[in-house]
Amino acid sequence: MATRSELNARITRVLFEVLEKSPEGLHKNVLWNQVLRSIPGLERQWEQSGEGKTPPLVYMNRRATEAVKSGWLRKDGKGSWSLTGAGRHTLSETTEDIDLLTLIQERYQLWKQEQGKYEFVSALIQALPERGWVTLSDLTSLTGLDGTALIQHLSAVRPEGWHRVRDEESGPPPSAHFTDRESAEADALLEADDILGPGGWTLMARRVSLEEIRELLGSTAQEDLPEEVGVPGRAWLLRDSGPAGTTSIESWLAQGICSIPSVGADTLRAGVSETTVRDAVVRLLPHWTTREHELLTYTLHSFVSRMRSGDTVLTTVGRTVHIGTLSDAESTTGSPSISGRLVRRVTWRTRDAPLDVFKDLSSELAARIATPNTDLLDLTGFAGELNDLLSGNPHSASAPVEAALPSPTPELAHRVFMDEEWLAECIDLLRDKPQLVLYGPPGTGKTHVAQELARHLTGDRPENVQLVQFHPSYSYEDFFEGYRPHPGDTERSAGFTLTHGPLRTLAGAARRRPAEPFVLIIDEINRGNLAKIFGELYFLLEYRNRSVRLLYGSEGDAGFSLPQNLIIIGTMNTADRSIALVDTAMRRRFWFAELHPSSAPVSSVLRRWLKHHALPDTSALLLDELNSRIEDHDFRIGPSYLMRTSVHESAVGLERLWRHQILPLLEEHHYGDGTDVHARYGLESLYKAVVLDEQP
């Protein structure tokens, strides 16, 4: 007859074996029934194997809890259990029931001994800078924890930010033994955080180094951190949203609290998952819209589970600002005077000396909190400024980091064959207002100059430059963000996904690196419907220190602002008469610099290029004569057509260019007006008018 220890070990192994066959997991009740079927007569054997009335189901639940802490089993909070990739690997490495049980209990004891350090790591990855990630080796170096045990624990327990722990090559740590499903879940979260780059690799530039972690923690020690060092808290904006007469900021200050309506979800407690909160909100408020559900889910989950003791809380009444420190670890239900609310204790630090939004806060923080779409907002990016405000130094954080635009160099002037003085004027214009349009006829090098300017301004960093081309069907969804269809796969059904466009993607990168210039080139800017493409973003071109509510704004989103270090350079073909010229509002928001064949800096470009390639100036003389015969200012021909070595390599190169490119352009221009294009603009006619040292 089997002993209880043997049965306990058998239950544990069967539990793992059943879950191994169910990648999507099973509800614990279904799982128990399958365990009973796999071990015939289990309950009878259990009763006969020893004293005590504790049923075998309780033992299975205990082993499952231990397996979760060990990193080998996941619980979704709704009764469904699943085996992690690490759990599957451990199962495959053991053959005897008792071996698996022993490994679980050993790993669980290891977790209990180091529980404080595990909790420290969970809090640390939640406090990482936005869109930052860390290596597992740095975490183990910092804490002394076993790397395999740590990553498997994080992958099973899944605290916020678990997916941001990677290996030295920015991939998932091999010791995690991720399944394809787990890898896809981690990648989806990384993509949502804007951490994944082209090819699906985690961007190395987003890595938070060990030195930066120590700086975040306020410690420069190279050895293990002292026990008293803690993870810095977050910062939150919280506004009173109660019905009139039920609560007020004055009562918050008097009672040392902050609160939000519980909407019947009084049982929510710290650690509850966002999914659980959403399910409760939908059940309690079925008549609300999906958007309202998402907003309330964000607010409740943040207030109950994400806000921690030591976090900074900011609230406003008109222009008046109060700042405090959260002093409790968990929310409670309100007192009878504010029933129906969840309450957190706060030590209000500015109760007797409130601050002013416009006088004491930086323009960035003032713009961030000036949003009406939410009563709770994560302000962790401004935690340093808020700490300075609490320490009595309100202006110390008001000087933002600015990206310096480098002056032009002889190398830049040589690459575009233009004067440094003209390039210096363009850069000076961008320093004053970071939007510039280069306009002129075709072939004047507008796109080339824009690309070379971008290359120079960004220090030759290709990842800091993005080029898009407008056209009549281009839209806001293409340019900024919009819902894009996806075909569906094994993880999700077909539907639509909110996808960032080039402007939002580049703006996000610019915001993370404020000391570096970023350039968005918009080619053929006048061919698009600018009002349709820019939408509410039009306002931000003129007011970079303000934010706007986005068309597809997510809940908890403070709106969107254009970073000061994001430069926009547009090009506009003045010969394109199919689209009306830009309106006055556009002209007010952009500088305009003309590139025209008949005036500097373009008029000398071809001669400089020919001299650089040791070629005669014949083609420059012909181009000058050609443009003198074109009466329409906007249809004169730019030098770029002739700045190709293939044109000058043979006797027929120039004639071929004239016959197949330049004359067809002019024929279209003179269509229907009776002009003999070949007689007026043909090479034979031009040669006769131009005095050359040697006739062809």
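Residues numbered from 1 in each chain as written. Predicted model: local features only at pLDDT ≥ 70, side-chain atom pairs only at ≥ 80, totals over all residues. Heavy atoms only, no water.

## Remarks on the pattern of salt bridges
Quick note on the threshold: We define a salt bridge as a side-chain nitrogen of Lys or Arg found within 4 Å of a carboxyl oxygen belonging to Asp or Glu. Each helix corresponds to a stretch of at least 4 residues labelled H or I by DSSP, and each strand to a stretch of at least 2 residues labelled E; elements are numbered beginning at the N terminus. Each residue is assigned to one of three classes by its accessible area relative to the maximum for its type, calculated with a 1.4 Å probe on protein chains only: buried under 20%, partly exposed between the two thresholds, exposed over 50%.
For the structure shown, the criterion picks out 29 salt bridges. Across the pair Glu 516 and Arg 461 runs a salt bridge, and its minimum N-O distance is 4.0 Å. Linking Glu 516 in the loop between α22 (502-512) and β18 (518-523) with Arg 461 in the loop between α20 (446-457) and β15 (465-469), this pair joins segments that are 55 residues apart in sequence. Its relative accessible area of 18% is what places Glu 516 among the buried residues. Among the ionic pairs, Glu 542 bridges to Arg 589, the shortest N-O distance being 3.5 Å. Taken together, the positions of Glu 542 in helix α24 (residues 538-542) and Arg 589 in helix α25 (residues 584-589) put the pair 47 residues apart, joining distant regions of the chain. We classify Arg 589 as buried; its relative accessible area is 8%. Among the ionic contacts, a cluster of salt bridges with common partners joins Arg 10, Arg 13, Glu 17 and Asp 97.

## Quick notes on the packing of aromatic side chains
Convention followed: Any pair of Phe, Tyr and Trp rings, taking the six-membered ring for Trp, is counted once the centres come within 6.5 Å. Such a pair is stacked with planes under 30 degrees apart, edge-to-face with planes over 60 apart, and tilted for the rest. Placement of a charge over a ring requires the Lys NZ or Arg CZ to be within 6 Å of the ring centre, with the centre-to-atom vector within 35 degrees of the ring normal.
All chains considered together, the criterion is met by 14 aromatic pairs. Both rings, one in Trp 162 and one in Phe 178, keep their centres 6.1 Å apart while their planes meet at 80°; by these two values the pair is edge-to-face. Taken together, the residues span a long stretch of sequence, with Trp 162 in the loop between α9 (147-157) and β5 (165-166) and Phe 178 in the loop between β5 and α10 (180-192) at a distance of 16 residues. Each ring, one from Phe 479 and one from Phe 534, has its centre 5.2 Å from the other, and the planes form 70°; the classification is edge-to-face. Here Phe 479 is found in helix α21 (residues 476-479), whereas its partner Phe 534 is found in helix α23 (residues 530-534), with 55 residues between them in sequence. Assigned by exposure class, Phe 479 and Phe 534 land together as buried. A connected cluster of aromatic rings, assembled from ring pairs, spans Phe 470, Tyr 474, Phe 479, Phe 534 and Tyr 538. Between the NZ or CZ atom of Arg 344 and the centre of the ring of Phe 303, over which it lies, the distance is 5.9 Å. Between Arg 589 and the ring centre of Tyr 538, over which it is positioned, the NZ or CZ distance is 4.9 Å.

## Here we look at the packing of helix α1 (residues 4-20) against helix α2 (residues 28-38)
Which entries qualify depends on this criterion: Simply put, an axis is a line fit to the C-alpha atoms, just over the touching stretch for a helix, and the angle between two N-to-C directions goes from 0 to 180 degrees. Two helices crossing with the near one rotated counterclockwise from the far one by less than a right angle form a left-handed crossing, whereas a clockwise rotation gives a right-handed crossing. For this analysis, residues touch if any pair of their heavy atoms sits within 4.5 Å. Following the grouping adopted for this structure description, the nonpolar residues are Ala, Val, Leu, Ile, Met, Phe, Trp, Tyr, Cys and Pro, the charged ones are Asp, Glu, Lys and Arg, and the polar ones are all others, Gly among them.
Running from N to C, α1 and α2 point in directions that differ by 115°, and their axes come no closer than 10 Å. Between α1 and α2 lies a crossing whose hand is right-handed. Between α1 and α2, the residues in contact are Ile 11, Val 14, Leu 15, Val 18 and Leu 19 and Leu 31, Gln 34, Val 35 and Ser 38, respectively. Here the residues of the contact of α1 with α2 sort into seven nonpolar, two polar and no charged.

## Side note on the sheet that holds strand β3 (residues 80-83)
So the rule is basically this: Two strands form a pair only when DSSP identifies at least two bridges running between them.
Here three strands make up an open sheet; going across it, the order is β1-β3-β2 and the pairing antiparallel. Only two strands of the sheet have a single partner each, and these edge strands are β1 (26-27) and β2 (73-75). The sheet contact formed by β2 and β3 spans three bridges and is antiparallel. Paired with Leu 73 across the two strands is Leu 83, which belongs to β3.

## Notes on the sheet that holds strand β20 (residues 591-594)
With parallel pairing, five strands are arranged side by side in an open sheet as β15-β18-β19-β14-β20. The open sheet terminates on both sides in strands that have one partner only, identified here as β15 and β20. On average, each strand axis in the sheet is tilted by 20° relative to the strand beside it, whichever way the strands run. Here β15 pairs with β18 via five bridges, running parallel. Considered in β18, the bridge of Gln 466 is made with Leu 520. Lying over the sheet, helix α19 (residues 420-432) contacts β14 (435-440), β19 (566-573) and β20, oriented at roughly 170° with respect to β20.

## Remarks on the environment of Arg 345
Residue placement: Arg 345 occurs in strand β11 (residues 341-348). Between the alpha carbons of Arg 345 and Trp 252 there is a distance of 9.2 Å; along the sequence they are 93 residues apart. Setting aside anything within four residues of it in sequence, one finds Arg 345 in contact with Gln 255, Gly 256, Ile 257, Thr 325, Leu 326, Ser 327 and Asp 328.

## Examining helix α14 (residues 290-306)
When you tally the buried positions in α14, you get 12 out of 17 residues, the bulk of the element. His 293, Leu 296, Thr 297, Tyr 298, Thr 299, Leu 300, His 301, Ser 302, Phe 303, Val 304, Ser 305 and Arg 306 are the residues of α14 that are buried. Those residues of α14 that are buried lie in contact with β6 (235-238), β7 (257-261), α13 (274-284), β11 and β13 (376-378).

## Remarks on helix α27 (residues 618-629)
Because an α-helix completes one turn every 3.6 residues, residues spaced three or four positions apart along the sequence face the same direction. Put simply, the test is: One less than the number of residues in a helix, times 1.5 Å, gives the span that helix is expected to have.
For α27, with 12 residues, the first-to-last C-alpha span of 17 Å sits near the 16 Å given by 1.5 Å per residue. Every buried residue belonging to α27 is among Ser 619, Ala 620, Leu 622, Leu 623, Leu 626, Asn 627 and Arg 629, and all of these are buried. Next to the buried residues of α27 lie α26 (605-612), α28 (645-648), α29 (653-669), α30 (677-681) and α31 (683-689).

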